[in-house]
Amino acid sequence: MDGQYSDTSRSKKVDDAEVAVVDTPGVLTDNLKDIVSGADVVVIPVRPTPNDIEPFTRTVSIVEKNTKAPVVIVVNGHNRFRMCASFMEWLGKKPWAKNVVTVPQSEAVVQAQGMHKSVLKVDRHGIAAEAIRMMCRKVSSLAGLPFEHKELKK
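To start, this report covers the structure provided alongside it. (Residues numbered from 1 in each chain as written. Predicted model: local features only at pLDDT ≥ 70, side-chain atom pairs only at ≥ 80, totals over all residues. Heavy atoms only, no water.)

### What to know about the overall build of the chain
What counts is decided by this rule: The helix and strand labels rest on DSSP assignments: H or I over at least four residues marks a helix, E over at least two residues marks a strand, and numbering proceeds from the N terminus. The buried label applies to any residue whose accessible area, calculated with a 1.4 Å probe on protein chains only, is under 20% of its type's maximum; exposed applies above 50%, and partly exposed to all values in between. Residues are treated as being in contact if the distance between any of their heavy atoms lies within 4.5 Å. The method behind every accessible area is Shrake-Rupley, applied with a 1.4 Å probe, and residues are considered shielded solely by the protein chains displayed.
If you tally the helices and strands in the chain, you get six helices and four strands. Ordered by position in the sequence, the α and β elements of the chain form the string β-α-β-α-β-α-β-α-α-α. Expressed as a percentage of its 154 residues, the buried residues of the chain come to 32%. A sequence separation of at least 24 residues applies to 60% of the contacts in the chain between residues at least 6 apart. Accessible surface computed for the chain: about 10,000 Å², of which carbon and sulfur atoms make up 51%.

### Brief notes about the packing of aromatic side chains
Filter applied, for reference: We call Phe, Tyr and Trp rings a pair once their centres come within 6.5 Å, taking the six-membered ring for Trp, and we label the pair stacked below 30 degrees between planes, edge-to-face above 60, and tilted otherwise.
For the structure on display, the rule yields five aromatic pairs. Measuring from ring centre to ring centre gives 6.3 Å for Trp 90 and Trp 96, while their planes differ by 70 degrees; the resulting arrangement is edge-to-face. An aromatic cluster of three or more residues is present, and its members are Phe 56, Phe 87, Trp 90 and Trp 96.

### Considerations on the pattern of salt bridges
For the record, the criterion: Salt bridges are identified by distance alone: a Lys or Arg side-chain nitrogen within 4 Å of an Asp or Glu carboxyl oxygen.
Counted under the stated rule, the structure contains four salt bridges. A salt bridge links Lys 93 to Glu 89; the shortest N-O distance between them is 3.6 Å. Note that Glu 130 and Arg 133 form a salt bridge whose closest N and O atoms lie 3.3 Å from each other. One end of the pair is Glu 130 and the other is Arg 133, both in helix 6 (residues 127-142) and three residues apart, which spans about a single turn. Glu 130 gets classed as partly exposed once you look at its relative accessible area, which sits at 33%. Overlapping salt bridges, with partners in common, bring together Glu 130, Arg 133 and Arg 137 in one network.

### Focus: the pairing of strand 3 (residues 71-78)
Quick reminder of the rule: Strands qualify as paired when DSSP identifies two bridges or more between them. Viewed with both strands pointing away, a crossover whose connecting path from the first strand over the helix to the second turns clockwise is right-handed.
In terms of residue burial, strand 3 counts as a mostly covered element, since six of its eight residues are buried. Bridge count for strand 2 (residues 41-46) against strand 3 is five bridges, and the pairing is parallel. Of the residues in strand 3, the one forming a bridge with Pro 45 is Val 74. Chirality of the crossover, the property in question, places the unit of strand 2, helix 2 (residues 50-66) and strand 3 among those that are right-handed. Both strand 3 and strand 4 (residues 100-104) contribute to a ladder of five bridges, which runs parallel.

### Quick word on helix 6
For clarity, the threshold we go by: The span you would expect from a helix comes to 1.5 Å times its residue count less one.
Taking 1.5 Å of rise per residue, the 16 residues of helix 6 would be expected to cover 22 Å, and the 23 Å separating its terminal C-alpha atoms lies within 8% of that figure. Buried within helix 6 we find Ala 128, Ala 129, Ala 131, Ile 132, Arg 133, Met 135, Val 139 and Ser 140. Residue Gly 144 follows helix 6 closely and has a positive phi angle near 80 degrees.

### A look at the environment of Val 46
Position of Val 46 relative to the elements: it lies in strand 2. The exposure class assigned to Val 46 is buried, which follows from its relative accessible area of 4%. Sequence-wise, Val 46 and Gly 77 are 31 residues apart; in three dimensions their C-alpha atoms are separated by 8.7 Å. Those residues in contact with Val 46 that lie beyond four places of it in its chain are Asp 52, Phe 56, Ile 73, Val 74, Val 75, Asn 76 and Phe 87.

### Focus: the nonpolar core
To keep it simple, the criterion reads: The nonpolar core is taken to be a set of buried Ala, Val, Leu, Ile, Met, Phe, Trp, Tyr and Cys residues, with the residues joined through side-chain atoms within 4.5 Å.
Membership of the largest hydrophobic core comes to 17 residues, with the highest contact counts inside it found for Val 42, Ile 44, Phe 56, Ile 73, Leu 91 and Trp 96. For this core, the secondary structure elements donating two or more residues are helix 1 (32-36), strand 2, helix 2, strand 3 and helix 3 (82-92). Dropping the residues within four chain positions of it, Leu 91 is found in contact with Phe 56, Ile 73, Val 75, Trp 96, Ala 97 and Val 100. Counting 16 residues, the second-largest nonpolar core is a separate cluster that includes Val 43, Ala 108, Val 119 and Ala 129.

In structure tokens form, the structure reads like this:
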């Protein structure tokens, strides 16, 4: 549902799909409960800042009330600083935070956003790209799908 980029991460709806994965938008939408009700996996992105906690917990609450699908929480902009460490400690105490993946604060992410491309296309061998691959493996596993590992050209 996020649809921010113009290449592989474009939102797609496939009739009669075997698996439904929902990447929730960064803002609450009126139809979020309808969207997540049919999902097999729900991906909730969040930044590790105090300003994100309230809308993030509202999103989690809506998801929990409307689906039994597993949730993958993606902490974007993960870093070594105290604010992030405090956020991760808070998140670690939540019973619903079973599947947490971190994407590091990285120049590759900023470049990818500026180019409207996937991090995997901008810096495919970097730490941010590896974090994205880990997220994809986690989502695939929870959805009951095999993860397609493609050999990267150097």
